[in-house]
Amino acid sequence: MAILHTVNKSPFERDALKACVRMASKGSSVLMIEDGVYGATKGTTASNMVTDAMKDVNFYVLSADLKARGVDESRLIEGIKVVNYSDFVNLTVENDKVQSWL
Amino acid sequence: MSETKKFLFVNRKAPYGTIYAWESLEVVLISAAFEQDARMAFIDDGVYQIAKGQDTSELGIKNFSPTYNALGDYDINKIYVEKESLEARGLTVDDLLPLTYEDEDDDWAEKDSIKVVSSAELAELMDQSDVILSF
Amino acid sequence: MSIEVNGKTLETDEEGYLADLNQWEPGCADVMAAIDDTVLNENHWEVINFLREYYEEYQIAPAVRVLTKAIGKKLGKDKGNSKYLYELFPYGPGKQACKYAGLPKPTGCV
């Protein structure tokens, strides 16, 4: 049972990403959207948490939300995949269900 | 205007997830139009408001980051960014918009508006303000 | 409310500001000015064009004080003063010129 987890809050303001990482089981996927994309950047107080989780979980980040916030792809944690809206749709289809961490 | 007060606008939210950043910017510009002494502080996720390179075209919403460049025209040239907030987010002042103003008392020389300060310095600035508005 | 410009009907708010600034074309300014019994000359256009450039760069319509200072810097001191701008736009350089330029009412304008 693969789950797509979406996170739309900044990890520095809410604990949505933290809760998500705690609950995401092996083989599931996490897609960072809206203010959640800040969690995909390296060198932050949240980076290690994401890097650790990446051993078991696939991480994705939505391109349009990165651009809006001026986050250059060079600042992303290595291994996080940048996706567009149609990839987002495919991810929801490929997984059995979607869990939104708000 | 009988009296000029020192206003400090404290910005703590990322720009697009909520409306706070834009609301703050509008109130700042309005207060400056009434010739109040307005200063801005960017702490926590608020530092993301003045990040360089924002492009909202794919979201279909207004990119208001260019408006921060107009602050100098409004004589808002004291912009404080908390050092600890930048560091926690892996950012440096080079990742921020190069906000400047022209100093009337120094032959209109272009000067930086942004000052990176510690939490302690920011606490002192809050003490010195007459009015603090939080966004 | 709406105005007719070159055969097109463009929506405005109750004060006559264009609802969608992307619909603006130079003809809008002439039509709006005619409503105020004004005929636009090149001095009006200088300010209108300046406002549009300012909006393009900063995404806001400047407050009158800021507009006056910026006009002075760009077009010279004889134009960067309230007297000159109010003579051109008696309803207020911020309000009236921004309206003709298709911009929203200046931020901080009451």
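Before reading on, note that the structure itself is shown above.
All figures in this text were calculated on a predicted structure; none of them were measured in a lab. (Residues numbered from 1 in each chain as written. Chains lettered and ligands numbered in written order. Predicted model: local features only at pLDDT ≥ 70, side-chain atom pairs only at ≥ 80, totals over all residues. Heavy atoms only, no water.)

Before going further, it helps to spend a moment on the pattern of salt bridges. Residues and elements named next belong to chain B. Counted according to the given criterion, the structure contains 20 salt bridges over all chains. With its nearest N and O atoms 2.8 Å apart, the salt bridge here joins arginine 89 to aspartate 45. Within this pair, whereas arginine 89 is found in the loop between helix H3 (83–88) and strand S4 (100–103), its partner aspartate 45 is found in the loop between strand S2 (37–42) and helix H2 (65–68), the two being separated by 44 residues in sequence. The pair formed by arginine 89 and aspartate 45 is uniform in burial state, with each residue classed as buried. The closest approach of N and O atoms between glutamate 87 and lysine 83, which form a salt bridge, is 3.5 Å. (Salt bridge = Lys/Arg side-chain N within 4 Å of Asp/Glu carboxyl O. Helix = DSSP H or I, 4+ residues; strand = E, 2+ residues; numbered from the N terminus. Buried < 20%, exposed > 50% of the residue type's maximum accessible area, 1.4 Å probe, protein only.)

This paragraph deals with the packing of helix H2 (residues 42–58) of chain C against helix H5 (residues 93–100) of chain C. All names here are of chain C. Direction vectors running N to C along H2 and H5 enclose 80 degrees, while the axes themselves pass 9 Å from each other. Taken together, the axis directions place H2 and H5 in an arrangement best described as roughly perpendicular. Across from Val47, Ile48 and Leu51 in H2, the residues of H5 making contact are Ala97, Cys98 and Tyr100. Residue composition of the contact of H2 with H5, by class: six nonpolar, no polar and no charged. (Axes fitted to C-alpha atoms, helices over the stretch in contact; angles between N-to-C directions. Parallel < 35°, antiparallel > 145°, perpendicular 65-115°, else oblique. Contact = heavy atoms within 4.5 Å. Nonpolar A, V, L, I, M, F, W, Y, C, P; charged D, E, K, R; others polar.)

This paragraph deals with the sheet that holds strand S4 (residues 81–83) of chain A. Residues and elements named next belong to chain A. Reading across the sheet, the five strands line up as S4-S3-S2-S1-S5 and stay open at both edges, with parallel pairing between neighbours. Edge positions in the sheet fall to S4 and strand S5 (97–101), since each of these pairs with one other strand and no more. Going across the sheet, the axis of each strand differs from the next one's by a mean of 25 degrees, ignoring polarity. In terms of strand pairing, strand S2 (residues 29–32) meets strand S3 (residues 58–62) through four bridges, oriented parallel. Within the sheet, the bridge partner assigned to leucine 31 lies in S3 and is tyrosine 60. (Pairing = 2+ DSSP bridges.)

The next subject is the interface of chain A and chain B. Accessible area lost during the coming together of the parts is what is often quoted as the interface size. Counting residues at the interface gives 18 residues for chain A and 21 residues for chain B. For the pair chain A and chain B, the summed buried area comes to about 1,500 Å², and 49% of that belongs to carbon and sulfur atoms. Inspection of the chain A/chain B interface yields two salt bridges. Notably, a salt bridge pairs glutamate 13 of chain A with lysine 13 of chain B, separated by 2.8 Å at the nearest N-O pair. In this structure, the connection of chain A to chain B is made through eight residue pairs in polar contact (both at pLDDT 80 or more). Per-element accounting of the side of chain A that touches chain B gives the leading share, five residues, to helix H3 (residues 63–68) of chain A. Class assignment for the residues of the side of chain A that touches chain B results in five nonpolar, six polar and seven charged. (Buried area = accessible area lost by both parts, 1.4 Å probe. Polar contact = N/O pair within 3.5 Å; in protein donor to acceptor, adjacent residues only side chain to side chain.)

This part takes up the sheet that holds strand S1 (residues 6–11) of chain B. All names here are of chain B. Within the open sheet, the five strands sit side by side as S6-S3-S2-S1-S7. Their pairing is parallel. What marks the edges here is a single partner per strand, and that holds for strand S6 (114–117) and strand S7 (131–134). Adjacent strand axes in the sheet meet at a mean angle of 25 degrees, parallel and antiparallel pairs treated alike. Relative to S6, strand S3 (residues 79–82) is paired through four bridges, and the arrangement is parallel. Note on S6: the bridge partner recorded for glutamate 82 is valine 117. Most of the contacts of helix H1 (residues 20–33) go to S1, to which it runs at about 165 degrees, and overall it touches S1 and S2.

This next bit is on the interface of chain C and chain B. Each partner contributes residues to the interface: chain C has 15 residues there, and chain B has 18 residues. Note on chain C versus chain B: buried area summed over both sides is about 1,400 Å², and carbon and sulfur give 53% of it. Taken as a group, Tyr58, Arg65 and Thr107 of chain C account for 37% of the area that chain C buries against chain B, more than any other trio of residues on that side. As a salt-bridge pair, aspartate 75 of chain B and lysine 69 of chain C come within 3.2 Å of each other at their nearest N and O atoms.

With that settled, consider the arrangement of the chains. Here the protein chains form two pairs of chains in contact, of which the pair with the most contacts is chains A and B. Across all C-alpha pairs, the smallest distance from chain A to chain C is 16 Å, and the two are not in contact.

Once that is clear, we can look at the environment of leucine 66 of chain A. Residues and elements named next belong to chain A. Tracing the sequence through the fold places leucine 66 in helix H3. According to the relative accessible area criterion, leucine 66 is buried, its value standing at 2%. Note: C-alpha distance between leucine 66 and asparagine 84 (18 residues apart in sequence) is 10 Å. With sequence-adjacent residues up to four places away left out, leucine 66 is seen in contact with Val37, Val61, Val71, Glu73, Leu76 and Val82.

Between its first and last C-alpha, H1 of chain B extends 20 Å over 14 residues, near the 20 Å set by a 1.5 Å rise per residue. Taken residue by residue, H1 of chain B has Ala21, Trp22, Ser24, Leu25, Val28, Leu29, Ser31 and Ala32 of chain B as its buried positions. In this fold, the buried residues of H1 of chain B make contact with S1, S2 and H2 of chain B together with helix H3 (64–75) of chain C. (Expected span 1.5 Å × (residues − 1).)

Everything listed here is a matter of geometry and, on its own, says nothing about what the molecule does.
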